[in-house]
Amino acid sequence: MNTFEQHESGVRSYCRSFPAVFKQAKGATLTAENGTEYLDFLAGAGSLNYGHNNPVLKQALLEYIEADGLTQGLDMYSSAKEYFIDRFHKTILKPRGFNDYVIQFTGPTGSNTVEAALKLARKVKGRKNIIAFTNGFHGCTAGALSCTANQHHRGGAGVSLNDVSRMPFDGYFGEKTNTIAMVDKLLSDPSSGIDKPAAVILETIQGEGGLNVASAQWLKDLRELCNRHDMLMIVDDIQAGCGRSGDFFSFEEAGIKPDIITLSKSISGYGLPMALTVFHKDLDVWTPGEHNGTFRGNNHAFVTAASAIDAYWTDNLFSNDIKAKGKLLRKRLSRIIDRFGPESLKLKGRCMMSGIECPSEQIAADIVKASYEKGLIIETCGNRDQIVKCFTPLTISNEELERGLSLLEQAFTDVIGRLEAAAAS
Ligand SMILES: Cc1ncc(COP(=O)(O)O)c(C=O)c1O
């Protein structure tokens with residue numbers, strides 16, 4: 001047994017799919033101790049949108065450390081935090097019409113910003129109930145987990161997961177069923193059994209739940225529904241935000257304004273822990289320290305986060321590049337589908353958050369395994385883990401993207417080929 005198997009808890013998961021011991025990482029490449037290189041189509045589960053050890057961010061961090069800049073600052077004022085707030089406000093929030101939104105620094109995980117968003121909504125509205133959607137994933141701490149749909153995660157709670165009403169996401173009952181109309185009917189009927197909610201929480205593109213995309217119209221209708229029923233709209237942009245959909249926020253295409261936005265994963269740009277809850281200043285009813293946490297002041301993360309904004313978001317070049325890469329990715333995935341099963345395989349997701357739905361969890365797992373053996377790190381998602389999900393760094397070169405997709409195509413050739421051979425014999 002290796003050190004990890006002997007001494008680390010059984011809760012470990014990604015390492016089971018990729019059992020190499022990694023030593024170095026650069027851009028979209030991970031290198032194992034034995035020198036084997038892997039193309040990274042997982043990108044730290046979306047926390048490495050700018051690639052591993054991005055040189056621009058690394059330089060800013062090295063200079064900051066060299067000058068003995070603050071590492072941990074609780075929520076005290078620091079120059080690094082001031083610069084980040086300034087850049088985030090001027091470059092991200094203001095141009096997108098969020099001038100009057102404030103930033104809360106929460107504990108540095110996605111789950112913690114979700115906890116803050118839920119607490120804040122409940123406090124503002126004075127109501128307990130929250131609407132969350134089928135296949136939604138919002139984290140594994142108690143409050144966030146009550147909004148997460150997946151039974152595997154919910155099963156670990158050990159307590160009742162209360163005060164959440166589950167509603168069908170866009171397309172859950174097929175294209176013809178208008179799920180907003182369903183929710184509207186339930187909320188309008190005093191005898192539907194649904195307590196009046198403080199807020200709805202949703203991902204516009206469900207990451208863990210299966211790359212299910214809410215249409216722009218559905219999002220607009222949901223925004224309108226929230227206004228009509230006096231509910232706050234929380235968009236959990238932890239996975240779909242920070243450029244993954246082509247825009248900085250995933251909801252920009254729909255032209256909606258959520259009341260509360262949660263960000264984490266790639267907000268620091270460098271894989272450093274950091275999380276933000278962003279909300280309209282009228283909702284700022286917190287008293288000092290009410291949602292407290294020791295690690296709200298990761299100044300190294302503030303340095304790389306500000307550097308990422310300066311390097312990538314002051315004009316449209318990066319955004320246009322992501323959209324072009326998204327097209328290339330989806331074209332190549334469609335080719336795989338056409339080649340190996342237009343009836344049984346399905347293209348999922350949007351832009352650089354895309355993947356292929358396989359007929360079974362086993363096939364998807366076999367493709368992940370075959371990919372790994374060929375030097376490609378790629379994972380699954382979905383309600384039954386049946387979707388092979390491409391989550392590359394957004395800074396990946398076209399050559400690397402094409403190379404990784406060729407490895408994925410070879411993995412499909414092997415796995416589908418084996419299945420066809422077994423069926424023929
Ligand atoms: C949409 C979304 N929300 C919340 C979380 C939880 O974030 P964390 O794992 O950092 O707690 C995740 C993690 O995958 C996520 O994808």
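Residues numbered from 1 in each chain as written. Predicted model: local features only at pLDDT ≥ 70, side-chain atom pairs only at ≥ 80, totals over all residues. Heavy atoms only, no water.

Details of the sheet that holds strand 10 (residues 232-236)
Note the cut-off: For two strands to pair, DSSP has to find at least two bridges joining them. By definition, any uninterrupted DSSP run of H or I lasting at least four residues is a helix, any uninterrupted run of E lasting at least two residues is a strand, and each is numbered from the N terminus. Axis lines are fitted through C-alpha atoms, for helices just across the contact stretch, and the angle between N-to-C directions can take any value from 0 to 180 degrees.
Overall, mixed pairing links the seven strands, which are arranged 4-12-11-10-7-5-6 in an open sheet. A single partner strand is all that each edge strand has here, and the edge strands are strand 4 (101-105) and strand 6 (164-167). Recorded for the sheet is a direction-independent mean angle of 20° between the axes of neighbouring strands. Pairing of strand 4 with strand 12 (residues 276-280) involves five bridges; the strand directions are antiparallel. Looking across to strand 12, one finds that phenylalanine 105 is bridged to leucine 276.

Side note on the packing of aromatic side chains
To be explicit about the condition: For Phe, Tyr and Trp, where Trp contributes only its six-membered ring, two rings pair if their centres lie within 6.5 Å, and the inter-plane angle classes them as stacked under 30 degrees, edge-to-face over 60, or tilted in between. Between buried and exposed lies partly exposed: a residue is buried under 20% and exposed over 50% of the maximum accessible area for its type, with that area taken using a 1.4 Å probe on protein chains only. Charge over a ring is defined by NZ of Lys or CZ of Arg lying within 6 Å of the ring centre and within 35 degrees of the ring normal.
Applying the stated rule across the entire model yields 23 aromatic pairs. Their ring planes at 90° and their centres at 5.0 Å tell us that phenylalanine 248 and phenylalanine 249 sit as a pair that is edge-to-face. Note on phenylalanine 248: relative accessible area 1%, which makes it buried. For phenylalanine 249, a relative accessible area of 0% corresponds to the buried category. Residue placement shows lysine 81 over the ring face of phenylalanine 105; its charged tip is 4.6 Å from the ring centre. The cationic tip of arginine 244 hangs over the ring face of phenylalanine 391; the distance from NZ or CZ to the ring centre is 4.0 Å.

Here's the deal with the sheet that holds strand 14 (residues 353-357)
Here is the rule: Contacts are assigned to residue pairs that have any heavy atoms within 4.5 Å of one another.
What the four strands build is an open sheet, ordered 13-14-17-16; its pairing is antiparallel. The open sheet is flanked by strand 13 (346-350) and strand 16 (379-381), the only strands paired with a single partner. Across this sheet, the average inter-strand angle for adjacent strands is 35°, counted without regard to direction. Where strand 16 lies against strand 17 (residues 387-390), three bridges are found, and the strand directions are antiparallel. Residue pairing in the sheet places cysteine 381 in a bridge with isoleucine 387 of strand 17. Together, strand 13, strand 14 and strand 17 form the strand contacts of helix 12 (residues 317-340), whose direction differs from that of strand 13 by roughly 165°.

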